[in-house]
Amino acid sequence: MKMVSKDFIANYQRKMKALAESREKHDIIIWTGGKKILAHRFVLDLNSTILETEDVDFVAGEQGLMSVTLSPEFDESHDLVDSIIRSFYCGSLLVYSANFRMI
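Here's a quick rundown of the structure. Computed from a prediction, not measured in an experiment: that's the story for all the values here.

## Re the overall build of the protein
Reasoning step 1: Within the protein, the secondary structure is distributed over 4 helices and 4 strands.
Reasoning step 2: Along the chain direction, N to C, the helices and strands of the protein fall in the order α-β-β-α-β-β-α-α.
Reasoning step 3: Evaluated residue by residue, the protein yields a buried proportion of 30% over its 103 residues.
Reasoning step 4: Total accessible area on the protein stands at roughly 7500 Å², and carbon and sulfur atoms take up 55% of it.

## Some remarks on the nonpolar core
The tendency in soluble globular proteins is for nonpolar side chains to be buried as a group.
Reasoning step 1: By size, the foremost hydrophobic cluster in this structure holds 16 residues, and its most contacted members are Ile28, Ile30, Ala39, Leu44, Val68, Ile85 and Tyr89.
Reasoning step 2: For this core, the secondary-structure elements that each account for two or more residues are helix H1 (6–21), strand E1 (28–32), strand E2 (35–39), helix H2 (41–47), strand E4 (66–70) and helix H3 (78–90).
Reasoning step 3: Counting residues per element, this core draws most heavily on H3, which supplies 4 residues.
Reasoning step 4: In this structure, Ile30 is in contact with Lys35, Lys36, Ile37, Ala39, Leu44, Val68, Leu70 and Ile85, ignoring residues within four places of it in sequence.

## Section: the pattern of salt bridges
Reasoning step 1: In total, this model carries 2 salt bridges according to the counting rule given.
Reasoning step 2: With its nearest N and O atoms 3.5 Å apart, the salt bridge here joins Asp45 to Arg41. Of this pair, Asp45 and Arg41 are both found in helix H2, 4 residues apart, which corresponds to roughly one turn of the helix.
Reasoning step 3: With a closest N to O distance of 3.5 Å, Asp82 and Arg86 form a salt bridge. Within this pair, Asp82 and its partner Arg86 are both found in helix H3, separated by 4 residues, close to a single helical turn.
Reasoning step 4: Its relative accessible area of 25% is what places Asp82 among the partly exposed residues.
Reasoning step 5: Using a relative accessible area of 22% as the deciding quantity, one classes Arg86 as partly exposed.

## Structural notes on the side chain of Thr32
Reasoning step 1: With respect to the element layout, Thr32 can be found in strand E1.
Reasoning step 2: A polar atom in the side chain of Thr32 sits 2.6 Å from the side chain of His78.
Reasoning step 3: Other than its neighbours up to four places away in sequence, Thr32 contacts Ile37, Leu70, Phe74, Asp75, His78 and Val81.

## Structural notes on H3
Reasoning step 1: Look at H3: 18 Å from first C-alpha to last across 13 residues, which is about the 18 Å you get at 1.5 Å a residue.
Reasoning step 2: Of all the positions in H3, only His78, Leu80, Val81, Ile85, Ser87, Phe88 and Tyr89 are classed as buried.
Reasoning step 3: Backbone geometry just after H3 places Gly91 at a positive phi near 80°.

Scoring rules and cut-offs
Residues numbered from 1 in each chain as written. Predicted model: local features only at pLDDT ≥ 70, side-chain atom pairs only at ≥ 80, totals over all residues. Heavy atoms only, no water. Helix = DSSP H or I, 4+ residues; strand = E, 2+ residues; numbered from the N terminus. Buried < 20%, exposed > 50% of the residue type's maximum accessible area, 1.4 Å probe, protein only. Areas by Shrake-Rupley, 256 points an atom, 1.4 Å probe, with all protein chains shown as cover. Core = buried A, V, L, I, M, F, W, Y, C linked by side-chain atoms within 4.5 Å. Contact = heavy atoms within 4.5 Å. Salt bridge = Lys/Arg side-chain N within 4 Å of Asp/Glu carboxyl O. Polar contact = N/O pair within 3.5 Å; in protein donor to acceptor, adjacent residues only side chain to side chain. Expected span 1.5 Å × (residues − 1).

Now the structure itself:
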């Protein structure tokens, strides 16, 4: 089996970070507590089953994008949900006392 080079991994990580920060290429909006999180469905599908649960409501969103509203239990956890979604792109999740009880 061929090993993946360090350059390939670094390039992949760089592109995923750029994708996470891009405000132009997202195709899904996740709403928690009245705030939105921009994301990409393929990234969510690869890393989570959240889109398959009953905890979300799907509607047609801005500019034809999919809009997902999480159940009210996530309203106070916007920053944590955003951090988790960002970890899907960058592979790291910061845990601190303010969000630890929610994990």
